[in-house]
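Here are the chains, one letter per residue:
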Amino acid sequence: MITALAGGVGAARFLTGLVKLVNEKDLSIIVNTGDDIEMFGLHISPDIDIVTYTLAGIVDEEKGWGIKGDTFHCLQALRRFYREVWFNLGDKDLATHVFRTNLLKNGLKLSEVTAQISRALGLDITILPMTDEKFETRIVTEAGSVHFQKYLVKRDAKNEVLGVEFLGAEIANPAPGVIEAIKDAQLVIICPSNPIVSIGTILAVKGVRDALRHTNAKRVAISPIIAGAPVKGPADKLLRGLGLEVSAYSVAKLYSDFLDTFILDSADSAERDKIEKLGIEVKVTNTLMKNLETKIALAKTVIES
Ligand code: FO1
């Protein structure tokens, strides 16, 4: 059994390659829910949807989120009623959020709803939210603390980051199956996702870090940093905002209490010795996922490490 810890776009791209090599039934994916947000009374789980849509083959590949070919008529109509419309929800995408919100309102847990959605989209993979409970990532800027989506989408990640807050982290329990998926796996993969707001949130859920330290699984992380910069997203701003260096080494250090192997991009090979000194084995390869072949090649390196 393989378990992956995942954020959004970077993770989903890697997982596209992985599913070509492993049986869907043998794969569990624990997904960040710190980015979840309520919009127009609907519960949006962006990272869960990005992973699910990507693996179901319906994601808008150019953007990395949303559904390909989607239209935005409903959102346009909502502008009549709402002064602030800054989060782009497509018409087909909205169907997912309506379904999710309705089931949550009827008392189902986010993990149960997520399983229903992934099954309805034809997947046999176990997709698990990191928690069923409220967990909200907020970014502290000079203008105050804002929800992560507001920082990323509305403000285009322009504000300087002064800190990161995980609201609910102290009380949020792991969703059913999360700890077992880590303990019972042969391989745990930390996807190439933001180490602070995608993987850091999952690690902040009670018992997750401990399970990673004590599992018998091999624990392998793929660097989300290539040539000293994130491939996508604001990881550089977040690392800097927390007083950390923007480098692959910096990411490896954040995982060094549990990690066995770090997959480092060839462009950062100079950092190899420094990472090995953390007691982590390093594999150097091409980690830039340009097409399906490079995604599969990277997944093969991870599986064989
Ligand atoms: N990202 C954007 O940059 N702009 C958007 O308007 C936007 C809408 C959106 C709607 C549904 C969804 O599942 C994801 C969406 N994303 C959007 C992506 C999302 O903000 C982030 O990429 C993730 O939360 C980070 O992994």
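Use the structure listed above.
Let me sum up the structure you'll find in this document. This one's a predicted model, so the numbers in the text were calculated from it and none came from an experiment.

Parameters at a glance
- Residues numbered from 1 in each chain as written.
- Predicted model: local features only at pLDDT ≥ 70, side-chain atom pairs only at ≥ 80, totals over all residues.
- Heavy atoms only, no water.
- Helix = DSSP H or I, 4+ residues; strand = E, 2+ residues; numbered from the N terminus.
- Polar contact = N/O pair within 3.5 Å; in protein donor to acceptor, adjacent residues only side chain to side chain.
- Contact = heavy atoms within 4.5 Å.
- Near = heavy atom within 4 Å.
- Areas by Shrake-Rupley, 256 points an atom, 1.4 Å probe, with all protein chains shown as cover.
- 1 Å grid on protein atoms, 1.4 Å probe; cavity = no way out; pocket = protein on both sides within 12 Å on 5 of 7 lines; lining within 4 Å.
- Sits in = over half its atoms within 2 Å of the grid points.
- Pairing = 2+ DSSP bridges.
- Axes fitted to C-alpha atoms, helices over the stretch in contact; angles between N-to-C directions.
- Buried < 20%, exposed > 50% of the residue type's maximum accessible area, 1.4 Å probe, protein only.

1. Quick look at the side chain of Arg-138
Among the secondary structure elements, Arg-138 is positioned in strand 6 (residues 136-141). At a separation of 2.6 Å, a polar atom in the side chain of Arg-138 contacts the side chain of Glu-136. Beyond its immediate stretch of four places on either side in the chain, Arg-138 contacts Ser-145, Val-146, His-147, Phe-148, Gly-163, Val-164, Glu-165 and Leu-167.

2. Some thoughts on the site of the ligand
Near the ligand you find Gly-8, Asp-35, Pro-46, Asp-47, Trp-65, Phe-87, Asn-88, Leu-89, Asp-93, Gln-149, Leu-152 and Val-153, and these make up its full shell. A distance of 2.8 Å separates an oxygen atom of the ligand from a polar side-chain atom of Asp-35. Gln-149 places a side-chain nitrogen or oxygen 2.7 Å from an oxygen atom of the ligand. Taking 540 Å² as the accessible area of the ligand by itself, protein coverage stands at 87%. With respect to the detected pockets, the ligand is housed in the largest pocket.

3. Some remarks on the sheet that holds strand 2 (residues 27-31)
Spatial ordering of the open sheet is given by 5-2-1-9-10-13-14, a layout of seven strands whose pairing is parallel. Two strands close off the open sheet at either side, each with one partner strand: strand 5 (126-129) and strand 14 (281-285). Strand-to-strand twist of the sheet, defined as the mean angle between neighbouring strand axes without regard to direction, takes the value 20°. With five bridges joining them, strand 13 (residues 261-265) and strand 14 adopt parallel strand pairing. Along strand 14, the bridge assignment pairs Ile-263 with Lys-283.

4. A closer look at the side chain of Ser-250
Inspection of the secondary structure assignment puts Ser-250 in helix 11 (residues 248-254). What makes Ser-250 buried here is its relative accessible area of 6%. At 2.7 Å, the side chain of Ser-250 forms a polar contact with the backbone oxygen of Glu-245. Each residue touching Ser-250, except ones within four places of it in the same chain, is listed here: Leu-239, Leu-244 and Glu-245.

5. A closer look at the sheet that holds strand 6
Sheet strands pair by backbone hydrogen bonding; their relative direction is either parallel or antiparallel. Overall, antiparallel pairing links the three strands, which are arranged 7-6-8 in an open sheet. Strands at the two margins of the open sheet, each flanked by one partner only, are strand 7 (144-147) and strand 8 (163-167). The mean inter-strand angle of the sheet, taken between neighbouring strand axes irrespective of direction, is 30°. By the bridge criterion, four bridges tie strand 6 to strand 7 in an arrangement that is antiparallel. Within strand 7, the position partnered with Arg-138 by the bridge is His-147.

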